[in-house]
Amino acid sequence: MIIRRNEARGTRSEAIYSECGHYRYLLERRWGGGGVCCYILLNPSTATEERNDPTIERCERRARAMGFGGFAVANLFAYRATVPADLKRTAEPIGSENDATLLEAARGARMVLCGWGVHGAHLNRGPQVEARLRETGVALWQLGLTRDGHPRHPLYVGYARGPEIWPGG
C-alpha cells in the first residue's frame, strides 16, 4: 500500500492507496482533539490527501460542526470511480485491503456514520459490511434511511439533519 500525507492550514491529511493507484482504502483529515468520526460510504472518487471532492467537503464540514477533531472515510468498495455505473463494471471493486482497513478505522472512531445509499446493494456489499461492523460491537449511526433501508449518503442530506443511531442487527 502507498501512504501519502499532506499538511495545510492546520489540517493533517493522510490517504492510503493500492500500489496501482486504482483503489483508495482510507482518507483521513485531523485538525485537533475530540475524536474521529469514521464515515463508511460507497466508494472513493477524486478526493486525495491534498484536496476534497464534494463528498469529502461535506463530511469535513459535518465532522467539524459535530465537534470532532477529525474524520476518516472508508468505503464499501475501494475502487475509485466518479459514478456508480463505473464501479459496477469493475471486476474487483472491493480491493484486497479494504475490509481490514475499514474495520480498523471503525474500531478507532468515536462515531461510525454509515452512508452508502442504494448502490450499497451491489454485490450485497452494504448488508455484508453492516453485519461485520455489528459483529465488532461498534455502534452504527446514520443520517436517515432510504425506502429499502440503506443509510443515506451525506452528500444528499442537509446539515440540519443530525446523526441517529441505526437500530438493527
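Here, residues in each chain are numbered from 1, in the same order as that chain's written sequence. Residue-level local features of this predicted model are given only where pLDDT is at least 70; pairs of side-chain atoms are given and counted only at 80 or more, and the full residue set underlies all totals for whole chains, interfaces and linings. The basis for the side-chain values is all heavy atoms of the structure; hydrogens and waters are excluded.

Undergrad: Describe in detail the sheet that holds strand 1 (residues 2–8), supporting the description with residues and values.
TA: Strand pairing is assigned whenever DSSP identifies at least 2 bridges connecting the two strands. Think of it this way: any DSSP run of H or I at least four residues long counts as a helix, any run of E at least two long counts as a strand, and we number them from the N terminus. If you trace the eight strands from one edge of the open sheet to the other, you get 1-2-3-5-4-6-7-8, paired in mixed fashion. The open sheet is flanked by strand 1 and strand 8 (164–165), the only strands paired with a single partner. Of the pairings in the sheet, the one linking strand 4 (residues 36–41) to strand 6 (residues 111–114) comprises four bridges and is parallel in character. Residue pairing in the sheet places C37 in a bridge with M111 of strand 6. Sitting on the sheet, helix 1 (residues 54–65) is in contact with strand 2 (11–17), strand 3 (24–30), strand 4, strand 5 (70–75) and strand 6, with an inclination near 140° to strand 5. Contacting strand 3, strand 4, strand 5 and strand 6, helix 3 (residues 98–107) runs over the sheet at an angle of about 25° to strand 3. The contact criterion used throughout is that any non-hydrogen atoms of two residues lie within 4.5 Å. All axes are obtained by fitting lines to C-alpha atoms, using only the stretch in contact for helices, and the reported angles, taken between N-to-C directions, cover 0 to 180 degrees.

Undergrad: If you had to explain the packing of aromatic side chains to someone new, which residues and values would you point to?
TA: Aromatic ring pairs are defined here through the distance separating the ring centres and the angle between the ring planes. Stacked, tilted and edge-to-face are the three classes assigned to paired rings of Phe, Tyr and Trp, where Trp is represented by its six-membered ring and a pair needs centres within 6.5 Å; plane angles under 30 degrees give stacked, over 60 edge-to-face, the rest tilted. Inspection of the entire model under this criterion finds five aromatic pairs. Taken together, Y23, Y25 and Y79 form an aromatic cluster joined through their ring pairs. Seen from the ring of Y17, R4 lies directly overhead, with NZ or CZ sitting 4.9 Å from the centre. Against the face of W31 rests R64, its NZ or CZ located 3.9 Å from the ring centre. By definition here, charges over rings are those cases where NZ of Lys or CZ of Arg is within 6 Å of the ring centre and within 35 degrees of the ring normal.

Undergrad: Just give me the short version of the packing of helix 3 against helix 4 (residues 125–135), but keep the residues and values in it.
TA: Where helix 3 contacts helix 4, the two axes come as close as 11 Å, and the packing angle between them is 50°. As the angle between them shows, helix 3 and helix 4 are arranged oblique. The two elements helix 3 and helix 4 cross, and the hand of that crossing is right-handed. Between helix 3 and helix 4, the residues in contact are N98, D99, L102, L103 and A106 and R125, V129, R132 and L133, respectively. Considered class by class, the residues forming the contact of helix 3 with helix 4 number five nonpolar, one polar and three charged. For this classification, under 35 degrees means roughly parallel, over 145 means roughly antiparallel, 65 to 115 means roughly perpendicular, and everything else is oblique. By the definition used in this description, the sense in which the near helix is turned from the far one sets the handedness, with an anticlockwise turn below a right angle giving left-handed and a clockwise turn giving right-handed. Three residue categories are used. Nonpolar comprises Ala, Val, Leu, Ile, Met, Phe, Trp, Tyr, Cys and Pro, charged comprises Asp, Glu, Lys and Arg, and polar comprises the others, including Gly.

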